[in-house]
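Listed here are the chains, written in short residue letters.
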Amino acid sequence: FFFNTFSPEDVGIGGEANRRSWGEGSPFTGYTRADRPAEAARLCVVVANPNHSVIPGSESCFPLPDLPSVELTGISLDDAGSYVVDYRPHEFEPEYPGGTHLHFYFNTYSPEDVGIGGEANRRSYGGDSPFADYTAAERPEGATGLCAIVAFPNHSVVPNSGDCIHLPDVLQVEITSITLDADNRYVVEYATYGFTSSWPGTHVHFYFDTVTVEELRQEGSTRFSHGGASPYSGYSTADRPANATQLCAIVATADNEHLPDSGTCFPLPDVEASNG
């Protein structure tokens, strides 16, 4: 367990000062209000192995009951091309102007960019859910998510009080974990955004990091098409090139064109083990 002033990487091996380890039944009551860091707005939990290494993608956070925060619960694109964002405020009622409210912004900006003086990067909002004041045409290049954060009447933001949600019209794939099964096959858990992987259709190409995206379509390139659900287990340790340290994934169209900036890479578990 840890407060959201830390990341899951901060509470793994060597992160004893940032976490409370727990191995019993629910509930957990190991923290008091006095333990809360000044800028923490949520309490988080992540699954850890016996050696205290954490399992990537296994974390979740929950708003603290004595602090204002916002949770984004859904997003869609309406017929007019507007993003419709459902949200749930915690411990406050948004009011604007004149009260504690919300700043909505694309994830090409940071919370620091949308506070006092960040008028160009945000939309202030104090009404009921949903929020629908951004259109897809206004999405900045490179933006993959829409975010919200709590702001005081003077537009200063409440640290760590916000949330982000993936844009429904931005296709992307994210590898969340890789493990080895009994047959030494890589078991790759992944999430897709904006599409369901299918073949023929929009699908996923997996490949080792010794191959570039530009090389994926070349004859003999090291990649594998996958049009099914997570997990993917098409590679074994015997398939790994000598210099490979990560397995990667990228979104591919029905004609095998790769969508720019739609992929992710993840460390291979046997390479990490061999490197100590």
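Just so it is clear, the model here is predicted, and its values are computed rather than measured. (Residues numbered from 1 in each chain as written. Predicted model: local features only at pLDDT ≥ 70, side-chain atom pairs only at ≥ 80, totals over all residues. Heavy atoms only, no water.)

1. A closer look at unusual backbone geometry
Following serine 26, the chain continues into proline 27 via a peptide bond in cis, with omega recorded as 5°. Within the secondary structure, proline 27 sits in the loop between β1 (2-3) and β2 (42-45). Here asparagine 256, not a glycine, exhibits a phi torsion of approximately 70°, which is positive. Position of asparagine 256 among the secondary structure elements: in the loop between β15 (246-252) and β16 (264-267). (Helix = DSSP H or I, 4+ residues; strand = E, 2+ residues; numbered from the N terminus.)

2. Let's talk about the nonpolar core
By size, the foremost hydrophobic cluster in this structure holds 21 residues, and its most contacted members are Leu72, Phe104 and Leu146. Put simply, the parts of the chain that give this core at least two residues each are β4 (69-77), β5 (82-90), β6 (101-106), β8 (131-135) and β9 (145-151). Apart from residues no more than four positions distant in its own chain, phenylalanine 104 is found in contact with Leu72, Val85, Tyr87, Asn121, Arg122, Arg123, Tyr125, Phe131, Tyr134, Cys147 and Ala148. Within the second largest apolar cluster, 19 residues are counted, among which are Val188, Phe208, Tyr235 and Ala249. (Core = buried A, V, L, I, M, F, W, Y, C linked by side-chain atoms within 4.5 Å. Buried < 20%, exposed > 50% of the residue type's maximum accessible area, 1.4 Å probe, protein only. Contact = heavy atoms within 4.5 Å.)

3. Focus: the side chain of histidine 101
By secondary structure assignment, the location of histidine 101 is in strand β6. Among the polar contacts listed, one links the side chain of histidine 101 to the backbone oxygen of glycine 99, at a separation of 2.8 Å. Of note is the side chain of histidine 101, whose polar atom sits 3.2 Å from the side chain of histidine 155. (Polar contact = N/O pair within 3.5 Å; in protein donor to acceptor, adjacent residues only side chain to side chain.)

4. Concerning the sheet that holds β2
Strand order in the open sheet formed by 3 strands is β1-β2-β3, and the pairing between neighbours is antiparallel. The open sheet terminates on both sides in strands that have one partner only, identified here as β1 and β3 (60-63). Pairing geometry for β1 and β2, over 2 bridges, is antiparallel. Its bridge partner being in β2, phenylalanine 2 is matched across the sheet by cysteine 44. (Pairing = 2+ DSSP bridges.)

5. Quick word on the state of the cysteines
Per the stated rule, a full pass over the model turns up 3 disulfides. A sulfur-sulfur distance of 2.0 Å marks the disulfide that ties cysteine 44 to cysteine 61. What sets the handedness of the cysteine 44 and cysteine 61 disulfide is the S-S torsion sign, and at about 100° it is right-handed. Taken together, the residues span a long stretch of sequence, with cysteine 44 in strand β2 and cysteine 61 in strand β3 at a distance of 17 residues. A relative accessible area of 1% places cysteine 44 in the buried class. Residue cysteine 61 is classed as partly exposed on the basis of its relative accessible area of 38%. (Disulfide = S-S within 2.5 Å.)

6. Comments concerning the pattern of salt bridges
According to the stated counting rule, one finds 6 salt bridges in the structure shown. Taking the shortest distance from any N to any O, the salt bridge between glutamate 16 and arginine 19 comes out at 3.8 Å. Given the relative accessible area of 11%, arginine 19 is considered buried. Ionic pairing is found between glutamate 138 and arginine 123, a salt bridge with its closest N-O pair at 2.8 Å. Taken together, the positions of glutamate 138 in the loop between β8 and β9 and arginine 123 in strand β7 (residues 123-125) put the pair 15 residues apart, joining distant regions of the chain. Under the relative-accessibility criterion, glutamate 138 is labelled partly exposed at 35%. (Salt bridge = Lys/Arg side-chain N within 4 Å of Asp/Glu carboxyl O.)

7. Quick look at the pairing of β16
As a general feature of sheets, a regular strand has side chains that alternate between the two faces. Burial along β16 is one-sided: Thr264 and Phe266 are buried, and none of Cys265 and Pro267, which face the opposite way, are. Examined bridge by bridge, β15 and β16 share 4 bridges and lie antiparallel to one another. Looking across to β16, one finds that glutamine 246 is bridged to proline 267.

8. With respect to the sheet that holds β4
The strand order across the open sheet formed by 3 strands is β4-β5-β8, and the pairing between neighbours is antiparallel. In this open sheet, the two edge strands, each paired with only one partner strand, are β4 and β8. Going from strand to strand, the sheet's axes swing by 30° on average, the running direction of each strand aside. Two elements, β5 and β8, share 3 bridges in a ladder whose sense is antiparallel. Bridge pairing in β8 links serine 82 to threonine 135. (Axes fitted to C-alpha atoms, helices over the stretch in contact; angles between N-to-C directions.)

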